[in-house]
Amino acid sequence: MMKRVLILGGTGDASALAAKASTLPGVEVRVSLAGRTPQPLPIAGIVRVGGFGGVAGLTQYLRDEAIDFLIDATHPFAAQISFNAAAAAAELGMPRLMLVRPAWHLVPGDQWIDVDSMAAAADALEEQAKRVFLTIGRQQLAPFARLHEIWFLIRLINQPEPDAVVPEGLLLFSQGPFDLTAERQLLMEHEIDTIVTKNSGGSATYAKIIAARELGIKVVMVRRPTIPQGEQVQDVEEAFAWLVGQPINGQR
Ligand code: NAP
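Cut-offs and rules
Residues numbered from 1 in each chain as written. Predicted model: local features only at pLDDT ≥ 70, side-chain atom pairs only at ≥ 80, totals over all residues. Heavy atoms only, no water. Pairing = 2+ DSSP bridges. Helix = DSSP H or I, 4+ residues; strand = E, 2+ residues; numbered from the N terminus. Axes fitted to C-alpha atoms, helices over the stretch in contact; angles between N-to-C directions. Contact = heavy atoms within 4.5 Å. Domains from an automatic or database assignment. Buried area = accessible area lost by both parts, 1.4 Å probe. Salt bridge = Lys/Arg side-chain N within 4 Å of Asp/Glu carboxyl O. Polar contact = N/O pair within 3.5 Å; in protein donor to acceptor, adjacent residues only side chain to side chain. Nonpolar A, V, L, I, M, F, W, Y, C, P; charged D, E, K, R; others polar. Parallel < 35°, antiparallel > 145°, perpendicular 65-115°, else oblique. Left-handed = near helix turned anticlockwise from the far one by under 90°. Near = heavy atom within 4 Å.

Time to look at the sheet that holds strand 9 (residues 169-173). Spatial strand order, 6-11-10-7-8-9: six strands in an open sheet with parallel pairing. In this open sheet, the two strands that pair with only one neighbour each are strand 6 (112-115) and strand 9. In this sheet, neighbouring strand axes are inclined to one another by 20° on average, regardless of whether the strands run parallel or antiparallel. Relative to strand 10 (residues 194-198), strand 7 (residues 131-135) runs parallel, the two being bridged by four bridges. Residue pairing across strands places Val 132 opposite Thr 194, the latter belonging to strand 10. Those strands touched by helix 4 (residues 118-128) are strand 6, strand 7, strand 8 (151-156), strand 10 and strand 11 (218-222), and its axis lies near 160° from that of strand 11. Where helix 6 (residues 207-215) meets the sheet, it contacts strand 6, strand 7, strand 8, strand 10 and strand 11, and its direction lies at approximately 150° from that of strand 10.

Below you can see the structure in the form of structure tokens.
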């Protein structure tokens with residue numbers, strides 16, 4: 001009998017895993033997106049879009065759709081859905097794996113100011129920045145809007161919501177991966193003295209960290225939120241191996 005895996009997505013890793021898992025005989029791949037991106041890139045498998053309605057809604061979905069395995073491949077900062085997934089899977093006794101790419105770590109030459117929240121990042125800028133590259137997505141721009149002495153270069157994938165509070169500066173729309181030459185050029189062209197970023201990890205957006213190191217630019221690094229306990233792997237290959245190791249077609 002066919003087994004069904006639900007991949008909680010919204011990341012490049014989730015899409016890569018969906019493509020790989022779709023090649024497995026005996027497995028049907030479902031992918032869930034929150035619906036934040038108006039036109040997401042095509043993804044393998046059967047894609048559904050939108051929130052489930054908390055733990056209860058997700059539990060109901062997993063039960064109604066007869067999902068057998070759950071792989072949480074969401075972004076490391078999307079902690080709410082990860083906790084919901086942990087609770088729903090626990091309730092159903094369903095195997096659950098988290099695909100969590102490793103965080104970036106400080107290397108010699110880096111000048112990082114580690115903070116725990118966007119509010120703390122804004123506080124850190126107040127003391128020492130004039131021209132800031134803000135690469136934190138569009139959902140948490142408001143804490144920076146009070147910093148009228150600072151000019152912001154704000155890189156986004158999509159337009160902020162119409163009612164969003166946006167800091168003063170320039171909006172730049174583009175989507176990674178970004179290469180080192182272009183990142184170096186961008187930082188120099190706009191005379192950036194400080195970058196604000198989430199510690200997302202991965203290679204797609206790491207070039208700005210290397211460029212900052214080379215150019216002696218400070219990085220306000222927002223630490224990752226706590227995520228639930230449970231089995232974790234770090235990359236798509238390992239997640240695929242986990243899926244292959246699950247009892248599929250009644251065999252292990
Ligand atoms: P979040 O705070 O953890 O989740 C908020 C709510 O959004 C969840 O309670 C859930 O709604 C819904 N949701 C989130 N991910 C979902 C998914 N894959 N499928 C269905 N519903 C989902 O998440 P977030 O930080 O807003 O991120 C939303 C999505 O964007 C995630 O899929 C994440 O992978 C992606 N993303 C996030 C970031 C980031 O920095 N946060 C960066 C890149 C990509 P219900 O309670 O109604 O089910």
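Back to the text.
On to the domain arrangement of the protein chain. The domains assigned to the protein chain are domain 1 (3-101 + 226-244) and domain 2 (112-222). Just the C-alpha atoms count here: the centres of domain 1 and domain 2 sit 29 Å apart. Counting each side, the surface lost to burial between domain 1 and domain 2 is near 650 Å², with a carbon and sulfur contribution of 54%. Interface area lost by domain 1 to domain 2 is led by Arg 36, Phe 77 and Arg 101, which between them contribute 66%. One can count zero salt bridges joining domain 1 with domain 2. Inspection of the domain 1/domain 2 interface yields four residue pairs in polar contact (both at pLDDT 80 or more). Residue composition of the side of domain 1 that touches domain 2, by class: three nonpolar, two polar and two charged.

Attention now moves to the packing of helix 1 (residues 12-21) against helix 7 (residues 236-244). Direction vectors running N to C along helix 1 and helix 7 enclose 40°, while the axes themselves pass 10 Å from each other. As the angle between them shows, helix 1 and helix 7 are arranged oblique. The chirality of how helix 1 crosses helix 7 is right-handed. Between helix 1 and helix 7, the residues in contact are Asp 13, Ala 16, Leu 17, Lys 20 and Ala 21 and Val 236, Glu 237, Ala 239, Phe 240 and Leu 243, respectively. Class assignment of the residues belonging to the contact of helix 1 with helix 7 gives a composition of seven nonpolar, no polar and three charged.

Turning to the site of the ligand, a few remarks are in order. Within the structure, the ligand sits among 23 residues, and Gly 9, Ser 32, Arg 36, Phe 52 and Lys 198 are positioned closest to it. At a separation of 2.7 Å, an oxygen atom of the ligand approaches a polar backbone atom of Phe 52. At the level of secondary structure, the elements contributing two or more residues to the shell around the ligand comprise strand 2 (27-33) and helix 3 (79-92). If you tally residues by element for the shell around the ligand, the top one is helix 3, at four residues. When grouped by side-chain class, the residues that make up the shell around the ligand number seven nonpolar, 13 polar and three charged.

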